[in-house]
Amino acid sequence: SQELEQSPQSLIVQEGKNLTINCTSSKTLYGLYWYKQKYGEGLIFLMMLQKGGEEKSHEKITAKLDEKKQQSSLHITASQPSHAGIYLCGADISGNQFYFGTGTSLTVIP
Amino acid sequence: NAGVTQTPKFQVLKTGQSMTLQCAQDMNHEYMSWYRQDPGMGLRLIHYSVGAGITDQGEVPNGYNVSRSTTEDFPLRLLSAAPSQTSVYFCASSYKGGSAEAFFGQGTRLTVV
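Residues numbered from 1 in each chain as written. Chains lettered and ligands numbered in written order. Predicted model: local features only at pLDDT ≥ 70, side-chain atom pairs only at ≥ 80, totals over all residues. Heavy atoms only, no water.

### Overview of the interface of chain B and chain A
Then, in step 1: With 24 residues of chain B at the interface, the matching set in chain A holds 22 residues.
Then, in step 2: Of the roughly 1800 Å² buried between chain B and chain A on both sides combined, carbon and sulfur atoms contribute 52%.
Then, in step 3: On inspection of chain B and its partner chain A, the count reaches zero salt bridges.
Then, in step 4: Listed by contribution, the elements that provide at least two residues to the side of chain B that touches chain A are strand E4 (31–38), strand E5 (42–51) and strand E10 (102–104) of chain B.
Then, in step 5: Among the elements that take part in the side of chain B that touches chain A, E5 of chain B stands out by supplying five residues, more than any other.
Then, in step 6: Broken down by class, the residue content of the side of chain B that touches chain A amounts to 11 nonpolar, 10 polar and three charged. (Contact = heavy atoms within 4.5 Å. Buried area = accessible area lost by both parts, 1.4 Å probe. Salt bridge = Lys/Arg side-chain N within 4 Å of Asp/Glu carboxyl O. Helix = DSSP H or I, 4+ residues; strand = E, 2+ residues; numbered from the N terminus. Nonpolar A, V, L, I, M, F, W, Y, C, P; charged D, E, K, R; others polar.)

### Examining the packing of aromatic side chains
Then, in step 1: Taken as a whole, this structure holds nine aromatic pairs over all chains when the rule is applied.
Then, in step 2: Centre to centre, the rings of Phe 100 of chain A and Phe 104 of chain B are 5.7 Å apart; their planes meet at 65 degrees, and the pair counts as edge-to-face. Taken as a pair, Phe 100 of chain A in strand E10 (residues 98–100) and Phe 104 of chain B in strand E10 lie in two separate chains rather than in one.
Then, in step 3: Residue classification places Phe 104 of chain B among the buried positions, given a relative accessible area of 9%.
Then, in step 4: Ring geometry for Tyr 64 of chain B and Tyr 89 of chain B: centres 5.8 Å apart, planes at 65 degrees, overall edge-to-face. Pair noted here: Tyr 64 of chain B is in strand E7 (residues 64–66) and Tyr 89 of chain B is in strand E9 (residues 87–94), with a separation of 25 residues, a long-range link.
Then, in step 5: For Tyr 64 of chain B, a relative accessible area of 4% puts it in the buried group.
Then, in step 6: Taking relative accessible area as the criterion, Tyr 89 of chain B reaches 0% and is therefore assigned buried.
Then, in step 7: Taken together, the ring pairs connect Tyr 33, Tyr 35, Phe 45 and Phe 100 of chain A together with Tyr 35 and Phe 104 of chain B into an aromatic cluster.
Then, in step 8: One Lys or Arg, Arg 68 of chain B, reaches over the ring of Phe 74 of chain B and ends 5.9 Å from the middle of that ring. (Phe/Tyr/Trp six-rings, centres within 6.5 Å; stacked < 30°, edge-to-face > 60°. Buried < 20%, exposed > 50% of the residue type's maximum accessible area, 1.4 Å probe, protein only. Lys NZ or Arg CZ within 6 Å of the ring centre and 35° of its normal.)

Below, the structure written as structure tokens:
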């Protein structure tokens with residue numbers, strides 16, 4: 001969706017490297033969600049951010065929502081092959097419709 | 001807990017054929033939605049429902065119909081399949097619309113030839 005811009009579209013990193021994925025909206029987000037999708041499978045919920053400036057971590061993945069609630073970043077520390085997949089940000093922008101970003105395909109080379 | 005169940009997982013249709021993609025959830029969620037996922041386009045919302053008897057159009061509704069006669073089921077109908085509808089379809093449900101964690105089905109890979 002053009003409502004949410006995600007970058008980069010694809011990422012290839014060496015195992016052990018850090019990486020960041022960004023998600024940007026021109027509108028205020030009422031909740032920002034990060035999902036991971038393994039190739040050919042459904043989406044797995046990672047984290048939800050609702051408050052401006054909020055930051056959450058799960059294992060080696062950290063997500064932040066900026067103060068204006070228009071941009072979020074997902075940071076992976078010391079990437080592993082198990083991190084490979086498609087990462088999608090999603091958000092409620094209009095009140096009842098949930099939009100997704102275009103996704104970031106992550107490949108981790110052992 | 002079955003969560004969100006989508007059927008079928010794979011389907012090949014000829015242009016002009018009709019079919020229904022099934023979606024069922026057992027979490028008593030009010031909000032259900034259908035997305036299609038295409039390379040470079042991410043997931044785009046087709047139709048959504050905020051409760052039984054209530055449906056609305058999303059971003060790309062043309063060529064698709066939905067109905068919500070029960071809380072559990074939210075089928076997606078393709079009345080006359082077109083090659084442009086070749087895609088992977090995901091059904092999702094959540095406790096409420098918008099700001100709530102959505103649970104996704106495993107997807108239906110549809111090819112229209």
